[in-house]
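Listed here are the chains, written in short residue letters.
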Amino acid sequence: MKIAVCVKEVPGANVPRRHDDATKRLVRDGDQVLNSYDAHAMEAALQLKEAGGDAADATITAICMGPEGASRTLQKALALGADDAVLVTDPALEGSDILATARALAAAIVKQGPFDLVLLGQQASDSDCWVLPGVLAELLEAPVATQASKLELSGGNASLERQTELGYEKLSLSLPAVVSVSDAINTPRYPALKAIMAAKKKPLEKLGVADLGLDAATVGTAGSGTIVVAFAPPPAKAGGVKIEDDGSGADKIVEFLAGRNLV
Amino acid sequence: MSILVFVEHHDGTIAPISLGVLGAGRELASAAGVPLVALVAGPGAEQVAGTVPADTVYHAAGDRFQVAAGGVDALAAAVEAAGARVVLAGASVNSADVTGGLAGRLGVGINTDATSISFEDGGFVADRPSLEDSVVVRCGFSKTEGLSGIVLFRAGSFTPLELAAPGASEALDVADSGRRAQQFGGLEQAATGGVDITKSDVLVGAGRGLGGPENFNLVEDLAKALGGEVATTRAVVDAGWYEYSTQVGQTGKTVAPKLYIAVGISGAIQHKVGMASSGTIVAINKDSHAPIFDFADFGVVGDLFTIVPQLKDKLAARKG
Ligand SMILES: Cc1cc2nc3c(=O)[nH]c(=O)nc-3n(C[C@H](O)[C@H](O)[C@H](O)COP(=O)(O)OP(=O)(O)OC[C@H]3O[C@@H](n4cnc5c(N)ncnc54)[C@H](O)[C@@H]3O)c2cc1C
Ligand SMILES: Nc1ncnc2c1ncn2[C@@H]1O[C@H](COP(=O)(O)O)[C@@H](O)[C@H]1O
């Protein structure tokens, strides 16, 4: 069995995030990290494998579309337990929206496949879209379910549970399938130092648009279905107060609440 | 040509989020001078279609359309039948899967989590708060012929359209794409019993920072000291620590108490949309970068296990 895990590189929590007015794209300076939601997808793949059964012999491939530097994020995925990794990187991919990103990832998944299961995180913390899995699944002609909070493999099916607006839904998807997982499905492990060292020796392949047989007009800015027209400031909001707890935090909260007649 | 709305429904009624989207669709249709068309799919679609206030309402009834695979086929057929210029839907878990599939099938752009849409210079432009609501991205579509794209809207973006005279409804002929479909294995209904957190003036919101169900007495005690109730995040509910009926946010409830104290909650956008209109927001979180501090009126960076018990005691002492 082969499992692919799509992982994105995103700005770290300490990096002020902003768009470039000229390119209309997110500025990617400063620390870039593995999208924390995708660590749950990696962990889900590892747990499926450890659970034995259909996935006992699974190989896990981490796939990322991003700039050259995103190989760091794939190193992290390898340290977490992926067997190999693919970086989809090419200047022609810059400016890809969800549709164009899904096309690039689908091409990489087909080229490195066939995969029985493609796992994704619940959302990318920089784009907060959570619809990419649906687009990707359609391009792969596979069934999809997003936001799984429980996931099992057996008898050639992925059985899962997920929260919808109506309650918890049970679904079963015949493999190959595409599943995104909720951040409550598991607690990701921390890689041991040994695993971090071992990751450096694992295969990490870089693929460009030509390697994937993609027409450059279908990806990047050229192949995107959406266009950013402009940026506008958010609705104004009065700034709040933030303090460090030095032992008096609880007192300060009570004072604040009393000031607003809330206690 | 038309504006097409993907309508969600349950137990014979239109989902509130879809009524909001229908309202936005109605305005957009008048601005663009085209009719408003709706699609209702899944078991019971025919009955629901008879209540939808759109100019034309298609229905695709039957179990096949209950899951995303059938939904994509139905929506693709509706786009074709209606000559849709844009597809609008609520940003729900199921419509994400269906509209994502449509975007992939037809090769069109998809814009999620928008809060408004307008018709400008012959094209559609949607506003989408981005980067933790620090900027609004105005986003249009590159395709100018036929279907230009898909927009999903945040819950609560629009006032629900009044149920007025329903449009003419007709059964939609849906070709089977032959995609392997998801097998629906049932729905565990949201617990309807218990307290209704939307009625409470004070809510203590508890997030994954609580560490486990065994620690919830901390927030229950604090809520009691304030005469309020406990609310939760999806991370807490998905992990099975607390009741689904207490969840606040995009997939959960929308609340607007006088006071919301967020304890061990990061403040993800999907949580924020359910509680941002609270009168006063207080946050306790050990991570000074947590997004919750961007919209809290008063934030304390610190350990909840220290602060919450102290806070409860001080409140109890005040009451005397
Ligand atoms: C389609 C979709 C729908 C969603 N719908 C919803 C929804 O309806 N409602 C919802 O809430 N979420 C929803 N989410 C999930 C949302 O994106 C977040 O994953 C979720 O809100 C995170 O919950 P949390 O804040 O409890 O957990 P986390 O994000 O893990 O935050 C825990 C916080 O606790 C803090 N913490 C840890 N220990 C301590 C301590 N000892 N003292 C103080 N602070 C501590 C941490 O610093 C952290 O900030 C949805 C997501 C998607 C993709
Ligand atoms: N550039 C990318 N490379 C690899 N995976 C991605 C990329 N963008 C998004 N994903 C995956 O898609 C999921 C949902 O992303 P999104 O729909 O953009 O919020 C993420 O959690 C990742 O698993």
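Residues numbered from 1 in each chain as written. Chains lettered and ligands numbered in written order. Predicted model: local features only at pLDDT ≥ 70, side-chain atom pairs only at ≥ 80, totals over all residues. Heavy atoms only, no water.

1. Quick look at the overall build of chain B
On a plain count of helices and strands, chain B comes out with nine helices and 18 strands. Taking 320 residues into account, the globule formula puts the C-alpha radius of gyration at 20 Å, and chain B, at 22 Å, falls close to it. Along the three orthogonal principal directions, the C-alpha set of chain B runs to about 70 × 40 × 35 Å. The 320 residues of chain B split such that 58% are buried. Restricting to contacts in chain B with at least 6 residues of sequence separation, those with at least 24 account for 63%. Total accessible area on chain B stands at roughly 11700 Å², and carbon and sulfur atoms take up 49% of it. Across chain B, the centroid of the 22 positively charged side chains sits 6 Å from that of the 34 negatively charged ones. (Helix = DSSP H or I, 4+ residues; strand = E, 2+ residues; numbered from the N terminus. Rg over C-alpha atoms; globule rule 2.2 N^0.38 Å. Buried < 20%, exposed > 50% of the residue type's maximum accessible area, 1.4 Å probe, protein only. Contact = heavy atoms within 4.5 Å. Areas by Shrake-Rupley, 256 points an atom, 1.4 Å probe, with all protein chains shown as cover. Lys, Arg positive; Asp, Glu negative; His and termini not counted. Charge placed at Lys NZ, Arg CZ, Asp CG, Glu CD.)

2. So, the interface of chain B and chain A
Taken residue by residue, the interface counts 84 residues in chain B and 82 residues in chain A. Note on chain B versus chain A: buried area summed over both sides is about 7100 Å², and carbon and sulfur give 56% of it. Three residues stand out in chain B for area buried against chain A, namely B:Leu131, B:Arg180 and B:Phe298, and they jointly supply 11% of the buried area on that side. Along the contact surface separating chain B from chain A lie eight salt bridges. The partner of B:Arg179 in a salt bridge is A:Glu141, and the shortest N-O contact between them spans 3.9 Å. Across the chain B-chain A interface, the total number found is 40 residue pairs in polar contact (both at pLDDT 80 or more). (Buried area = accessible area lost by both parts, 1.4 Å probe. Salt bridge = Lys/Arg side-chain N within 4 Å of Asp/Glu carboxyl O. Polar contact = N/O pair within 3.5 Å; in protein donor to acceptor, adjacent residues only side chain to side chain.)

3. With respect to the site of ligand 2
Residues and elements named next belong to chain A. The environment of ligand 2 is formed by 19 residues, the closest being Cys 6, Asp 38, Met 65, Ala 124 and Trp 130. In isolation ligand 2 has 490 Å² of accessible area, and contact with the protein removes 97% of it. Counting residues per element, the ones that place at least two in the shell around ligand 2 are strand E4 (59-65) and helix H3 (98-112). Ranked by residues supplied to the shell around ligand 2, first place goes to E4 with three residues. (Near = heavy atom within 4 Å.)

4. Points about the nonpolar core
Across soluble globular proteins, nonpolar side chains show a tendency to be buried alongside one another. Counting residues in hydrophobic clusters, the biggest one holds 66 residues, and the most contacted among them are A:Val88, A:Val118, A:Leu136, B:Leu4 and B:Leu39. With residues near it in sequence (within four places) discarded, A:Val118 still touches A:Ala4, A:Cys6, A:Ile109, A:Leu136, A:Leu140, A:Ala177, A:Val178 and A:Val179. Membership of the second largest hydrophobic core comes to 42 residues, among which are A:Ala58, A:Leu78, A:Leu175 and A:Ala199. (Core = buried A, V, L, I, M, F, W, Y, C linked by side-chain atoms within 4.5 Å.)

5. Observations regarding the sheet that holds strand E6 (residues 117-120) of chain A
Taking strand neighbours across the sheet as the criterion, the ten strands line up as E11(A)-E5(A)-E4(A)-E1(A)-E6(A)-E10(A)-E7(A)-E8(A)-E9(A)-E13(B) in an open arrangement whose pairing is mixed. Bordering the open sheet on either side are strand E11 (204-207) of chain A together with strand E13 (183-189) of chain B, each of which pairs with just one other strand. Averaged over neighbouring strand pairs, the angle between their axes works out to 30° when direction is ignored. Relative to E6(A), strand E1 (residues 2-6) of chain A is paired through three bridges, and the arrangement is parallel. Bridged to A:Val5 within E6(A) is A:Leu119. Running over the sheet, helix H4 (residues 132-140) of chain A touches E1, E6, strand E7 (144-154) and strand E10 (177-181) of chain A and is turned about 160° from E6(A). (Pairing = 2+ DSSP bridges. Axes fitted to C-alpha atoms, helices over the stretch in contact; angles between N-to-C directions.)

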